[in-house]
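# Coordinate analysis (summary)
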Amino acid sequence: MELKNGHLLIPAGLFQEVLLAEPQINMVYYPERSQLLVAAKSKAFFEKLHQPKWMMLKDKNLAGDKSLYVRELLIDHDLDTADRPLPFTVKETGIIAISL
């Protein structure tokens, strides 16, 4: 997982396996943890547990990588906008937890 030009780059394998190849996702940012949670739109429990924002992933390249525009989120929360790798974990429930 990587931040580049205000976009979160999601590798094709992660998109296929964890996000179930769904171009629509739900995401929520928790500033107290500096953590962005991302889940496939079909994960109905995610919407019940959190108050997520619905977003659409964009195609990044022919390899199947996806991108998600997060620059606005970074600016709103006064976070580092520099290009960099981002540590993340995948929870058993299919949620990706990304440290910003």
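Calculation criteria
- Residues numbered from 1 in each chain as written.
- Predicted model: local features only at pLDDT ≥ 70, side-chain atom pairs only at ≥ 80, totals over all residues.
- Heavy atoms only, no water.
- Core = buried A, V, L, I, M, F, W, Y, C linked by side-chain atoms within 4.5 Å.
- Buried < 20%, exposed > 50% of the residue type's maximum accessible area, 1.4 Å probe, protein only.
- Helix = DSSP H or I, 4+ residues; strand = E, 2+ residues; numbered from the N terminus.
- Contact = heavy atoms within 4.5 Å.
- Phe/Tyr/Trp six-rings, centres within 6.5 Å; stacked < 30°, edge-to-face > 60°.
- Lys NZ or Arg CZ within 6 Å of the ring centre and 35° of its normal.
- Pairing = 2+ DSSP bridges.
- Salt bridge = Lys/Arg side-chain N within 4 Å of Asp/Glu carboxyl O.
- Axes fitted to C-alpha atoms, helices over the stretch in contact; angles between N-to-C directions.

Grouped together as the largest cluster of nonpolar side chains are 24 residues, with contacts concentrated most on Leu-8, Leu-36, Ile-98 and Leu-100. At the level of secondary structure, the elements contributing two or more residues to this core comprise strand E2 (7-10), helix H1 (12-17), strand E3 (24-30), strand E4 (35-40), helix H3 (71-76) and strand E10 (96-99). Of the residues forming this core, the biggest block, 3 residues, is contributed by E3. Beyond its immediate chain neighbours, meaning those up to four positions away, Leu-36 contacts Leu-8, Met-27, Val-28, Tyr-29, Val-70, Leu-73, Ile-96, Ala-97, Ile-98 and Leu-100. Judged by nonpolar contacts, the second largest core, of 7 residues, contains Tyr-30, Ala-39, Ile-95 and Ala-97.

Now for the packing of aromatic side chains. Evaluation of the coordinates by the stated rule reveals 0 aromatic pairs. Across the ring face of Phe-15, the terminal group of Lys-66 is positioned such that the distance to the ring centre comes to 4.8 Å.

Okay, the environment of Glu-72 next. Counting through the fold element by element, Glu-72 comes out in helix H3. Taking the C-alpha atoms as reference points, Glu-72 and His-7, 65 residues apart in sequence, are found 9.9 Å from one another.

In this section: the pairing of E4. Burial of E4 is extensive: 6 of the 6 residues sit out of reach of the surface. A two-sided burial pattern is seen for E4, the buried positions comprising Gln-35, Leu-37 and Ala-39 on one face and Leu-36, Val-38 and Ala-40 on the other. Pairing between E3 and E4: 6 bridges, direction antiparallel. By the bridge assignment, Met-27 is partnered in E4 with Val-38. Turn length for the E3-E4 hairpin, with the two strands adjacent in sequence and antiparallel, is 4 residues, and the turn residue Ser-34 shows positive phi of about 50°. The sheet contact formed by E4 and E10 spans 4 bridges and is antiparallel. Bridging from a neighbouring strand, Leu-36 pairs with Ile-98 of E10.

Applying the stated criterion across every chain yields a total of 3 salt bridges. The residue Lys-41 makes a salt bridge to Glu-47 at a minimum N-O spacing of 3.4 Å. Lys-41 sits in the partly exposed class, given a relative accessible area of 25%. Judged by its relative accessible area of 36%, Glu-47 falls in the partly exposed class.

For the rest of this paragraph, the subject is the sheet that holds E10. Strand order in this open sheet of 5 strands is E5-E3-E4-E10-E9, and the pairing throughout is antiparallel. If you trace the sheet from one side to the other, it starts and ends with strand E5 (53-56) and strand E9 (88-90), each paired once. On average, each strand axis in the sheet is tilted by 25° relative to the strand beside it, whichever way the strands run. Note that E3 and E5 share 4 bridges and pair antiparallel. The residue of E5 that forms the bridge with Met-27 is Lys-53.

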